[in-house]
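Analysis of the macromolecular model
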Amino acid sequence: MKHPLTTCVKVLLPALLLSACGASSVVISGSFPTPNIGTLPVTLAVVYDDSLQDFTYTEYSETGQEEYHIQSGQSHIELFNAILPAMFEQVIPVDAIEQAAEAGVDAVFVPNIEEFQLALPAKTRLDVYEVWIKYNMRLLTAEGDYLADWVLTSYGKTPTETFRGTESAINDAAIVALRDLASTFALSFTQVPEISDWLANR
């Protein structure tokens, strides 16, 4: 006859193994080129609030288990730190919108991530990893009043055969999406109607 303790161990061991297997963490990291674009005669304050700095997306399995924690906040800050100084005469990071007036800036830029989506080959049955990111961009006066509020989306994908593993694939697809954002943002900034009017009337 089997000892009750032996049976108990056999039942508990798989459960313990399952609980020990947590979600994989992916910290997005890459390089971002400086855009070759004319510099606007604007002194810009930029606010990276906590929601952007700490942004993390969680991907769940079909059974509801957490599969991946994707931390991309710092990569977005690195992206804007690369492109904003090429677009504006002077860029001054501030911790809060209220500090902008004291810094003597012309406007305040506040980027935010509204939505992050990840498509994995195991779920889509496609041979690519895909990332979509939706942003809300805000431009305010130095006093915090509204100037413009617009939405941008970016997309990145990478074929599976170019990767060593899933985490690397996710990272590379996200970096492609971020570079797509950099290009779209730099080229479309002055085409936002409210911004175009503001620049013309300065």
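Below or above, wherever it landed, is the structure these notes cover. (Residues numbered from 1 in each chain as written. Predicted model: local features only at pLDDT ≥ 70, side-chain atom pairs only at ≥ 80, totals over all residues. Heavy atoms only, no water.)

Considerations on the overall build of the chain
When helices and strands are tallied, the chain shows seven helices and eight strands. Considering only contacts within the chain whose residues lie at least 6 apart along the sequence, 71% involve residues at least 24 apart. Accessible surface computed for the chain: about 11100 Å², of which carbon and sulfur atoms make up 52%. (Helix = DSSP H or I, 4+ residues; strand = E, 2+ residues; numbered from the N terminus. Contact = heavy atoms within 4.5 Å. Areas by Shrake-Rupley, 256 points an atom, 1.4 Å probe, with all protein chains shown as cover.)

Considerations on the packing of helix 3 (residues 73-87) against helix 6 (residues 166-188)
Across the interface, helix 3 lies against helix 6 with an axial gap of 11 Å and an inter-helix angle of 30°. The orientation of helix 3 relative to helix 6 falls into the category roughly parallel. Of the two elements, helix 3 crosses helix 6, and the hand of that crossing is right-handed. In this structure, helix 3 uses Ser 75, His 76, Leu 79, Phe 80, Ile 83, Leu 84 and Met 87 to contact helix 6, whose residues at the interface are Leu 178, Leu 181, Ala 182, Phe 185 and Ala 186. (Axes fitted to C-alpha atoms, helices over the stretch in contact; angles between N-to-C directions. Parallel < 35°, antiparallel > 145°, perpendicular 65-115°, else oblique. Left-handed = near helix turned anticlockwise from the far one by under 90°.)

Some words on the pattern of salt bridges
Enumeration according to the criterion identifies four salt bridges in this entry. Notably, a salt bridge pairs Lys 123 with Glu 59, separated by 2.7 Å at the nearest N-O pair. In this pair, Lys 123 is assigned in helix 5 (residues 121-124) and Glu 59 in strand 3 (residues 56-60), connecting sequence segments 64 residues apart. The partner of Glu 114 in a salt bridge is Lys 134, with the nearest N and O atoms 3.8 Å apart. Here Lys 134 lies in strand 7 (residues 128-141) and Glu 114 lies in strand 6 (residues 107-119), a separation of 20 residues in the sequence. Salt bridges here are not isolated pairs; linked through shared partners, they connect Glu 59, Glu 67 and Lys 123. (Salt bridge = Lys/Arg side-chain N within 4 Å of Asp/Glu carboxyl O.)

Here's the deal with the environment of Thr 184
Here Thr 184 shows up in helix 6. Linking Thr 184 and Thr 153, residues 31 residues apart in sequence, is a C-alpha distance of 8.7 Å.

With respect to the sheet that holds strand 6
One open sheet holds the five strands; their spatial order is 5-2-6-7-8, and the pairing between them is mixed. The strands lining the two open edges of the sheet, one partner per strand, are strand 5 (88-94) and strand 8 (146-159). On average, each strand axis in the sheet is tilted by 25° relative to the strand beside it, whichever way the strands run. Pairing between strand 2 (residues 40-47) and strand 6: three bridges, direction parallel. Opposite Val 46, over in strand 6, you have Phe 109 as the bridge partner. (Pairing = 2+ DSSP bridges.)

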